[in-house]
Amino acid sequence: MGRLSGKVAIITGAAQGMGEAHAKAFVEAGAKVILTDVNEKDGQALADSLGENAMFIKHDVRDGAVWKAVVEQGEAKFGTINVLVNNAGIIGTIAHTVDFTQAEYQLVCDINQLGTYLGMQAVIPSMIKAGGGSIVNISSIAGMIACMGSPNLAYVGSKFAVRGMTKQVAAEYGPNNVRCNSVHPGYILTPMMVAATDENGGGAGDMIPLKRLAAPKEVSQLVMFLASEESSFITGMEHVIDGGMTAC
Ligand SMILES: NC(=O)c1ccc[n+]([C@@H]2O[C@H](COP(=O)([O-])OP(=O)(O)OC[C@H]3O[C@@H](n4cnc5c(N)ncnc54)[C@H](O)[C@@H]3O)[C@@H](O)[C@H]2O)c1
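Not measured: the values here are computed from a predicted model.

A few words on the sheet that holds strand E6 (residues 178-185). Read across the open sheet, the seven strands follow the order E3-E2-E1-E4-E5-E6-E7; overall the sheet is parallel. Sheet topology places strand E3 (54-58) and strand E7 (238-241) at the edges, where each strand pairs with a single neighbour. Along the sheet, successive strands turn relative to each other by an average axial angle of 20°, direction set aside. The pairing of E6 with E7 spans four bridges and is classified as parallel. Its bridge partner lying in E7, His184 is registered against Val240. Helix-sheet contacts for helix H4 (residues 102-130) involve strand E1 (8-11), strand E4 (83-86), strand E5 (133-138) and E6, and the interaxial angle to E4 is about 175°. Here helix H7 (residues 216-227) sits on the sheet in contact with E4, E5, E6 and E7, set at roughly 165° to E6.

Shown next, in the form of C-alpha cells:
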C-alpha cells in the first residue's frame, strides 16, 4: 500500500518543474493522477510515461468551463477527486510597482489567483461526494514576505491571496472534511527559476542557511504529506519550505 493509495488527484501545471515532480511522486506513492497544463506536448508525454494511473488534459487554469470538464473526465476515469494541487503559476514581469502595466498585473493575478479559486470551486463538490479531501495551494515565500531583489507586486499580491483563500476554504469546508493548506517554496531549481535567474538561482544560495537551492522532489515530499492522511488534523495553515531563508 502506497502512501497515497486510494487518492485521486488533480495536479495543475504538471508538464514541467515542480508539477512534474509532484505527478511522478504521487503515482509512485499509489495515487491516480489527472495532470493538466497548457503545455500539451510535455504534459501528455509525461502522463504516457507514468502509465495507467495517470491521464493528461490540456487546460488553462483561467478557464472555468474547462475546469468543470477536468473534474468530469477525471471522475469518469478514476472516481471522485479527493486531492487538488493548485500548482500552475507564472512569475510575470519583474518591475517596480509604478512601471507595471495593468495587463501585466492582470495576467499574473488571473493565472496565480483566479486559477486557484476556479480550481477549488470546481473540485470541492467532488471532494464532498468523496467524503472529504485535501487541497494543496502552491503559494511562495512571496506569499509570506516581500520580494526585495526582484520587485514584483503582482506575484507577491497573487501569492498572498492564495494564502488567504486557503484559510477561507479551510474554514468553510472543514465541516465537510475538506482540508486546505498552502505551501510556500523558496528557491527551487525548476525551469521557472532558471529562466528568471540562472542555474545557480542568481546566487540565491548565499541567502539560504542550507546554502543551496532545492530540487523539485523535495517539495513533493511536503505536498504528499499534506495530500495524505498523515496530515489529517492539519488545515488552514501555511507551510514554508525554503532551506531556512525566511528564518533570517
Ligand atoms: N521555482 C521556484 O523557486 C518557486 C518558488 C516559489 C513558488 N513557486 C511556485 O510553484 C509553482 C510551480 O512553479 P515551477 O517553478 O515549477 O514553474 P515552471 O514554470 O517550471 O512550471 C509551471 C508550469 O505551469 C504551467 N502553466 C503556466 N501557466 C498556466 C496556465 N495558465 N494554465 C495551466 N498551466 C499553466 C506551465 O506550462 C508549466 O508547465 C508556481 O505556482 C510558482 O509560482 C516556484
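Having seen the model, we can carry on.
This part takes up the nonpolar core. In this structure, Phe26, Leu35, Val85, Val183 and Val223 are the most contacted members of the largest nonpolar core, which totals 31 residues. Breaking this core down by element, the ones donating at least two residues are E1, helix H1 (17-28), strand E2 (32-37), helix H2 (40-50), E3, E4, E5 and H7. A total of six residues in this core trace back to one element, the largest contributor, which is H7. Setting aside residues no more than four positions away along its own chain, Val183 makes contact with Val136, Asn137, Ile138, Ser139, Ser140, Val219, Leu222, Val223, Leu226, His239 and Ile241. By size, the runner-up hydrophobic cluster in this structure holds 27 residues, among which are Met55, Met120, Ile124 and Val178.

Conventions used here
Counting restarts for each chain, with residues numbered from 1 along the sequence as it is written. It should be noted that, the model being predicted, local features are given only for residues of pLDDT at least 70 and side-chain atom pairs only at 80 or more, the latter also being counted only at that level, while totals for whole chains, interfaces and linings use all residues. As a convention, hydrogens and water are excluded, and side-chain values are obtained from all of the structure's heavy atoms. Here, strands pair whenever DSSP counts at least two bridges between them. Each helix is a run of H or I in the DSSP string that is no shorter than four residues. Each strand is a run of E no shorter than two, and both are numbered from the N terminus. Lines fitted to the C-alpha atoms define the axes, with helices restricted to the stretch that makes contact. Angles between their N-to-C directions range from 0 to 180 degrees. Note on definitions: a residue-residue contact is assigned when non-hydrogen atoms from the two residues lie within 4.5 Å. Buried residues of nine kinds, namely Ala, Val, Leu, Ile, Met, Phe, Trp, Tyr and Cys, make up a nonpolar core once their side-chain atoms join them within 4.5 Å. Only protein chains enter the area calculation, which uses a 1.4 Å probe; residues under 20% of their type maximum are buried, those over 50% are exposed, and those in between are partly exposed.

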